[in-house]
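# Chain and residue survey
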Amino acid sequence: MNDGIGVDIAFLLLATLAVATGWRVFRTDSMVRASFFLLVSFIAVGVIMILLAAEYLGVAMFFMMAVEMTVMALFMVMFMMNPAGLNPMNMVHQERIAIGAGIAGFLILGAMALLAVFPDQPVPADLEPVRSLGNEMLGDSMLIFESAGLVLLTTMIGVVVLSSHRGRYGAAAEGSMPPGLEPGGDPAGKPEEDEAGEGEHHHHHHHH
């Protein structure tokens with residue numbers, strides 16, 4: 001098979017995967033599943049970057065999105081009312097506006113990709129992009145990156161501190177139960193196992 005045809009086929013498959021998983025982000029009823037669908041979409045985009053000979057950006061996309069989406073999933077489990085999709089929920093708010101914005105964004109970006117005249121400025125063969133990027137990040141722009149990292153860390157710590165005094169289902173100190181899967185039903189979780197354990201305890205007690 002010609003390498004060019006192989007790259008084209010790989011691009012079409014990866015582009016389809018990126019779009020399909022991006023669409024599933026808004027169709028699933030679980031925040032955790034949405035996080036991992038988004039991770040798969042970004043990984044597909046990263047592989048496309050590698051196909052475009054932007055190896056550093058592709059690998060950076062892998063590492064950055066893997067950590068970011070995993071942390072997002074953990075935060076969803078800690079703080080969201082419906083992390084596992086036990087109760088149906090809609091991921092899209094203001095649906096008509098969201099659909100209009102999505103279609104407009106797709107048309108604008110598609111028109112830019114097809115109609116825009118991009119500059120033809122090939123990179124010199126002796127340029128080392130990784131070294132150049134490292135010099136930029138650790139040189140003139142180091143203060144900016146370090147400041148941004150400190151702000152993000154402070155924000156994460158602040159969110160945890162502000163949210164830790166109460167659980168997902170009420171004040172942690174008072175004790176609380178998660179809502180039922182149906183209105184007025186038993187709390188979601190493992191009440192059956194607890195009742196079974198209590199039943200076994202009473203059974204053994206009577207047996208003695």
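Above: the structure in question.
Overview of the structure.

Thresholds, definitions, all that
Residues numbered from 1 in each chain as written. Predicted model: local features only at pLDDT ≥ 70, side-chain atom pairs only at ≥ 80, totals over all residues. Heavy atoms only, no water. Helix = DSSP H or I, 4+ residues; strand = E, 2+ residues; numbered from the N terminus. Buried < 20%, exposed > 50% of the residue type's maximum accessible area, 1.4 Å probe, protein only. Contact = heavy atoms within 4.5 Å. Areas by Shrake-Rupley, 256 points an atom, 1.4 Å probe, with all protein chains shown as cover. Expected span 1.5 Å × (residues − 1). Axes fitted to C-alpha atoms, helices over the stretch in contact; angles between N-to-C directions. Parallel < 35°, antiparallel > 145°, perpendicular 65-115°, else oblique. Left-handed = near helix turned anticlockwise from the far one by under 90°.

### As for the overall build of the protein
Each helix and strand in the protein was counted, giving seven helices and two strands. For the protein, the α and β elements follow one another from N to C terminus as α-α-α-α-α-α-β-β-α. Counting every position in the protein, which comprises 208 residues, the buried fraction comes to 15%. In the protein, the proportion of contacts linking residues at least 24 apart, taken out of those at least 6 apart, comes to 57%. When the accessible surface of the protein is totalled, it reaches about 16100 Å², and 69% of it is carbon and sulfur.

### Topic: helix 2 (residues 31-51)
Spanning 21 residues, helix 2 covers 31 Å between terminal C-alpha atoms, matching the ideal 30 Å at 1.5 Å per step. Met 31, Val 32, Ala 34, Ser 35, Leu 39, Ser 41, Ala 44, Gly 46 and Ile 48 are the residues of helix 2 that are buried. Along its buried surface, helix 2 packs onto helix 1 (3-25) and helix 3 (55-79). Ala 53 sits one or two residues past helix 2 and shows a positive phi near 70 degrees.

### Quick look at the packing of helix 1 against helix 2
The N-to-C vectors of helix 1 and helix 2 enclose an angle of 160 degrees; their axes lie 8 Å apart at closest approach. The angle between helix 1 and helix 2 places the two elements in the roughly antiparallel class. Classified by chirality, the crossing of helix 2 by helix 1 is left-handed. Residues Val 7, Ala 10, Phe 11, Leu 14, Ala 15, Leu 17, Ala 18, Thr 21, Gly 22, Arg 24 and Val 25 of helix 1 pack against Ala 34, Phe 37, Leu 38, Val 40, Ser 41, Ala 44, Val 45, Val 47, Ile 48 and Leu 51 of helix 2.

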